[in-house]
Each structure stands twice: as C-alpha cells, then as structure tokens.
Amino acid sequence: LSVTVVGDRPVRLDDATLLATGGPGGLRLGAGPASWSLYRNGWNSWSNARAFTFDEADGDPWLFAIADTTLDPETPRRREPGRFRSELVTALADREGSGGLVLGFVGGARCLSVVDVAAEVPGGALPHDDPGPGRLVELSATCRFDGTTVDPGATTTTEDLLVADGPDPVGLLEGWAAALGAAQSARVPARPPHGWCSWYYHYAKVTEADVRRALAAADGVAADVPLGYVMVDDGHQQAIGDWLATNHKFPSGMAALAADIRATGRDAGIWIAPFLVDPDSDVARAHPDWLLRDEAGEPVTALWNQIWNLRKRQQVLDCTRPDVVAHLEEVARTLARDWGYRVLKLDFCFAAALPGVRHDPGRTRAQALRAGLDAVRRGAGDDAVLIGCGLPLGPAVGVVDAMRIGTDVAPAWGGKVTRWAFSDQGGISTRIAMRNTLTRAFLHGHLWSNDPDCVMVRTDRTRLTEAEVRFLVAAVGLTDGMVVSSDRLDKVPPERLDLLRLCHELSGGRCRVVDLFAGPEPETVVSVKAD
Ligand code: 9PG
C-alpha cells in the first residue's frame, strides 16, 4: 500500500480546499457531490461510524440529548444536509469508483480531534445538486485538535494530519490507521484475544455459580471452540467505583474465582469502569476532592445508567490528580497481579475526557484521559490484556490491546422503534453493532485488535433469527477481530455450536472490506473480499 500526501503543499486548516471537480486545480473526483460518500467516524467505541451521502443530514441521537455517551460534548452538532463532522478521521469516496481522499489525525496527545466538513459550490447551489458544467465544488474542512480550533490561516504538517488521495479509498483508510499506529506505538496482539463474557446472557445479575458453570461448559466445548479467557463482566462489584469490594453474589471472593479459572488453563477476565464513581460509593464519600467538577464546583455527571440506577448520576475521577493516579494504579495492580485477572475490560472510559475544571489546568481532556489509562497500564503490568470500551479512539492507541469498535450487541437485531428513537445512529442493537464491525474493520491490526462485541449463537433467551445469527457470525469472523461468546454454552444446540466454531475458523485475516461507502444498511454497506 502506498499513501501519497496530496502534493507538498501545506494544508490550510481554516478552509482547506481539499477537493474540486469540474474545474481547474485540486483533485478531480467523479461527478461531484451527487456521487460522493463521506465516511463519518464517531468519538468513542460505541459511536456510529458510516458513510453518508451528501443529501443526508448528520443526525444525532436526540433521545440522548441530556447525557449522550457517544458524542463528544464539544463537537459541534450538524443538522444541515451535506455538512458533517467526523472524529479522528474522515474519508471521501466517489461511488462511481474514480477514487477518494482521506484526512486523518496522527498527532499523539492531540488525537481527541474533530474535522468539520462541508461541500460548497462557491456562489450558490446546494452541494448535493449538480453544480453544472465548469462549476467548482469545494470540500472545506475545519480542524480542532483536542479542544483547540486551529487558527484561520494556520498550517499544519503531516506529523499531525495525514491527507492523501488515491484510487482505493478503503486502502487510504488502512494507510492512515497504519500511520497512526506506527506514530503512537500501537499494541497489536499477535492473535486477537478470544473467550467468554458473562454480560449478554446474565447481565448485572451474574453470580459466581454462573461463571463456574460457564467454566465447566467451556471445558466441554474446548475441542470445538477455543475460549482463551473467562470474563466476569459488570455485576461483581459492590458499587461503581469500589472495584475491590465484591458483592454477596460471589461468596468465594474474586481472587479464589480467578485462581479456579486459571487452573483450567484459561485467563481470568474482569470488567471495571475505572474512571466512574457512584456518588454513594466509598471512594466518592472518602474523597470528594477527587471528583471532576464543573465551573460552578458541582461534580460532572457522566451519565445516568438504567442498569444501575436511572435516578443516580454517575460521577468521574479527575485523572490529572496524583492521588487519583495512585488510586487507579493500585486498583489495577490488585485486580491483575494480586487477584490474577490478566484481562481487564475498561468500560465507560469517555468519562475521564469530559469537559471540566481539572486539578492540572495545563492538561487537555485527551491528556487527562491518557493519564488515567497510563495509570491502569502501569498498575496492571505490561503483560495484562486491556480491552477498551466506551473509550475515545485516539488517546487509547498505544495503551489498550483491544478496543470495542461498536455499540453493544443484543439478543435482538434492532427493530424500527430503535431506529426511529436513536435516529439510526446508536442505541443498543446487533444491527448497528455489526455495521460498525464492518465500517471500522480497517482499524484492526493497526491500532489494536478490534473487539466487535460478543457472538450469540444460542436458541434460548434470544429473538435473533437464524439468518441474523449467521450474519453476526460472518461479520465477526470475516473481519478477524476478537471472538467472544456470551451464551449459556451448556444449552447451545450442536448445530449452533458449529456456527461458533465456524466464526473462529473464518477469523484469521484472509478477508478485507473492499467498499464501505455504498449505503447505511449493514447488509449493503460493505463488500468483503476473500483472498
Ligand atoms: C455493562 C455493560 C457491558 C457492555 C458495555 C456497556 O449509556 N448507557 O447507559 C450504557 C449502558 C451500558 C453499556 C453502554 C452504555 O454497555 O458496552 O459490553 O460491559 O456496559 O454495564
């Protein structure tokens, strides 16, 4: 793959004229906006990523207007057709196949970044209309690096920003991911982690007995289905924030459970939301000064979570405080080294990057998040496997080994109601999760191992049809990321276990997403090609 930076000319960031058709200068690409698709990437693991046509509006999930967990609160909202904002990277492709262009950030701590893109026909006409012969269509981009809008007229270099064009738009995206991964010393496991996770069957009700039953079932299917780790997801802790206090559902204690998991030759995994605190947790009561606060001195609210308590706002640790960093390190050290949980799922990490008044005002939001992540890595040790979730993508490169790249799957495809309520952008749905699995496949192996979320092949407690299960198995397998089961394996019928085995067999990097610019439906959004 060769990536060419557009000319040698510096890119002016106030209104960089990146592209022109039908006129002199710039890059000629197809017939103009009528045949263009723009790839819009989202802020964190759960955020929607897909290509839009220029007659679409960049709709936001209005249902989450109060506390949106998927959109950077400082990213401008865009509702006009033909005007988009994309986080970290964007790409433009001509659907008729003449090529495309990529614009992506590769700068380190400034990787909490947004590009605001618009196509304009100088002197009038809507951008998605045919501009007419000889009319110039300009694509302009305004860039923000980690909260700072680059001054009008400023120039940047390819150290911060990569701009490239060429005949293969997906190849350009891969080239950008490779450049960012190299610049930020990405951690890419030799083989994507695989295992079993308690969440999508037991949810927060998970008990020690459930995990022990899963462990026995994993031994039962081991010849067919490799499960490298067994993970206790959300439900072991006494309170959000008190990660070392286990609740009554795990009577043997978490260290004993990890030892028993490891005795079977598997790694033990555990879920935490390291930067979140419940206002009634021991940590929040003992250290009110650790909380991230707003200008008025009130603790910042990260979200309300229906699963925990919809009436309670979840608060955030200020990761620029040395005592918070020491605490995070200690929590991770205890879980990974003392208790033996080598695999840590770090959830709701966006919270550490929310706007607020920090102890160290000299650090940006991305740097604060990175300080928290680095503390967890130091505590857990270099050989721990860190899986990012709800985590802004850029600042995590080089710390996490794996990264969730879509919203949660669910034992349902996601119906019309969810599509309406969430403006087709987010929400918990296997359909939306699998769309991101395909549209963010190019990150895999460059920035980390992609985690497409769990595969459910069960026939109990599910409304997924046979065809939907097969789509899930194919999307996860063909894109070569992590393969994680979340069923009661002792209840899965043999023909469905065959599908789980097939998913493992398909994975291995022999396929490539060759087109992700076709349209919004996951069924049509990509073409995948085997070698
Ligand atoms: C555990 C779960 C699982 C899952 C994660 C994450 O906005 N929300 O209220 C919200 C709730 C749950 C959620 C994402 C967002 O899911 O992705 O795999 O670990 O937490 O609680």
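Above this note sits the structure.
Residues numbered from 1 in each chain as written. Predicted model: local features only at pLDDT ≥ 70, side-chain atom pairs only at ≥ 80, totals over all residues. Heavy atoms only, no water.

Draft legend 1. Highlighting the environment of Phe-84. With respect to the secondary-structure elements, Phe-84 resides in strand β4 (residues 83-87). Residues Phe-84 and Leu-38, 46 residues apart in the sequence, show an inter-C-alpha distance of 8.3 Å. (Helix = DSSP H or I, 4+ residues; strand = E, 2+ residues; numbered from the N terminus.)

Draft legend 2. Representation of unusual backbone geometry. Although it is not a glycine, Phe-348 adopts a positive phi angle of roughly 55°. Summarising the element assignment, Phe-348 is placed in the loop between β20 (341-346) and α7 (365-380). Phi at Arg-461 is positive, roughly 50°, even though this residue is not glycine. Here Arg-461 shows up in the loop between β23 (449-451) and α11 (466-478).

Draft legend 3. Main features of the packing of helix α3 (residues 208-221) against helix α4 (residues 254-263). Where α3 meets α4, the axes come as close as 11 Å, and the angle between the chain directions of the two elements is 10°. In terms of axis orientation, α3 runs roughly parallel to α4. Taken together, the residues of α4 that come into contact with α3 (itself represented by Glu-208, Val-211, Arg-212 and Leu-215) are Ala-256, Leu-257, Asp-260 and Ile-261. Grouping the constituent residues of the contact of α3 with α4 by class yields 5 nonpolar, no polar and 3 charged. (Axes fitted to C-alpha atoms, helices over the stretch in contact; angles between N-to-C directions. Parallel < 35°, antiparallel > 145°, perpendicular 65-115°, else oblique. Contact = heavy atoms within 4.5 Å. Nonpolar A, V, L, I, M, F, W, Y, C, P; charged D, E, K, R; others polar.)

Draft legend 4. Spatial organisation of the pattern of salt bridges. What the rule picks out here adds up to 32 salt bridges. Across the pair Asp-210 and Arg-213 runs a salt bridge whose closest N-O atoms are separated by 3.3 Å. Placement of the pair is Asp-210 and Arg-213 together in helix α3, with a separation of 3 residues, close to one helical turn. By sharing partners, the salt bridges in this structure join Arg-187, Arg-377, Asp-382 and Asp-401 into a single network. (Salt bridge = Lys/Arg side-chain N within 4 Å of Asp/Glu carboxyl O.)

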